[in-house]
Amino acid sequence: MNLDLRQYAGFPTDVVLEAEADDSFEEAFGGFTFRDPIRITLNIQRLKEEYFCQGRAVAIIEGECSRCLENFITELEGELNFIIKSGEGKPILASDVTEDVIYLKPNEYIVDLTKTVRQAFLLEMPMKPLCSEDCRGL
C-alpha cells in the first residue's frame, strides 16, 4: 500500500487509494480474510517538508462469529491520522519515536502505509466478533 507524494501537484489534496491486503493482514487478523481491496481515503496537507494526513481505511472482511460459529461478512473501518516527515529530522532517542510519524529518507517520496493501515484496523477489531448484535449462539 504505497502512497507516492510526487503524484500530487498541490496541497491540500484528497487522495483515494485501493490496495489488496497482503499476508501480514491475514496473519494479524487470525481467521479473518479480506474479501475486497482495502479502500483508503486521505486528506493531505503540507507544511514545508511535513505532510499531515487524516482519513479512513475501509475493508470488507469475512470471519467466524464467536457465538454461533457461522461465517459472516462485515465492514471494518479504521481511522488514519499520521504525519510524514523527512528523515533528516528523525529523533535520536527511541523514546521520541511515535507510531503516528512516518519518516522518509531525504529525496524519497513513496510511503508504505501497510503498517499504519493494519494498526488502524486492529484498533477497531472487536474482541469477540459477532455476526449480529442479537446472535443467540449455538
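Residues numbered from 1 in each chain as written. Predicted model: local features only at pLDDT ≥ 70, side-chain atom pairs only at ≥ 80, totals over all residues. Heavy atoms only, no water.

Visitor: Can you tell me about a negative patch on the surface, naming the residues and giving the values?
Guide: Together, Asp22, Asp23, Glu27 and Asp112 make up a negatively charged patch on the protein surface. Mapped onto the secondary structure, Glu27 falls in helix H1 (residues 23-28). On the basis of relative accessibility, which here comes to 66%, the residue Glu27 falls in the exposed class. (Patch = residues over 30% accessible without salt bridge, like charges linked within 9 Å, V, L, I, M, F, W, Y side chains within 5 Å. Areas by Shrake-Rupley, 256 points an atom, 1.4 Å probe, with all protein chains shown as cover. Salt bridge = Lys/Arg side-chain N within 4 Å of Asp/Glu carboxyl O. Lys, Arg positive; Asp, Glu negative; His and termini not counted. Charge placed at Lys NZ, Arg CZ, Asp CG, Glu CD. Helix = DSSP H or I, 4+ residues; strand = E, 2+ residues; numbered from the N terminus. Buried < 20%, exposed > 50% of the residue type's maximum accessible area, 1.4 Å probe, protein only.)

Visitor: Report on the side chain of Asp4, specifying residues and quantitative values.
Guide: Tracing the backbone shows Asp4 in strand E1 (residues 2-4). Residue classification places Asp4 among the buried residues on the basis of a relative accessible area of 18%. If near-sequence neighbours (up to four positions away) are discounted, Asp4 is found in contact with Tyr109 and Ile110. (Contact = heavy atoms within 4.5 Å.)

Visitor: Give a description of the side chain of Thr116 that names residues and reports values.
Guide: Counting through the fold element by element, Thr116 comes out in helix H2 (residues 114-124). The residues contacting Thr116, other than those within four sequence positions of it, are Leu80, Phe82 and Ile102.

Visitor: For the pattern of salt bridges, give the residues involved together with the corresponding values.
Guide: Under the counting rule described, the total for this entry stands at 7 salt bridges. Among the ionic pairs, Asp4 bridges to Arg6, the shortest N-O distance being 3.1 Å. Take Arg6: its relative accessible area is 54%, and that puts it in the exposed class. A salt bridge links Lys85 to Glu50; the nearest nitrogen and oxygen atoms lie 3.7 Å apart. Of this pair, Lys85 sits in strand E6 (residues 71-86) while Glu50 sits in strand E5 (residues 50-64), and the two are 35 residues apart along the sequence. A residue is classified by how much of its surface remains accessible, and Glu50, at 26% relative accessible area, is partly exposed. Each member of the salt-bridge network shares a partner with another, and the members are Arg56, Glu77 and Glu79.

Visitor: Outline the packing of aromatic side chains, supporting the account with residue identities and numerical values.
Guide: Taken as a whole and assessed by the stated rule, the structure comprises 4 aromatic pairs. Judged by centre distance (6.2 Å) and plane angle (85°), the ring pair of Phe32 and Phe72 falls under edge-to-face. Of this pair, Phe32 sits in the loop between H1 and strand E3 (33-34) while Phe72 sits in strand E6, and the two are 40 residues apart along the sequence. A relative accessible area of 7% places Phe32 in the buried class. By relative accessible area, Phe72 is classed as buried at 9%. Pairing Phe34 with Phe121 gives two aromatic rings, centres 6.0 Å apart and planes at 40°, and the pair type is tilted. Of this pair, Phe34 sits in strand E3 while Phe121 sits in helix H2, and the two are 87 residues apart along the sequence. There is no split in this pair, since Phe34 and Phe121 are both buried. (Phe/Tyr/Trp six-rings, centres within 6.5 Å; stacked < 30°, edge-to-face > 60°.)

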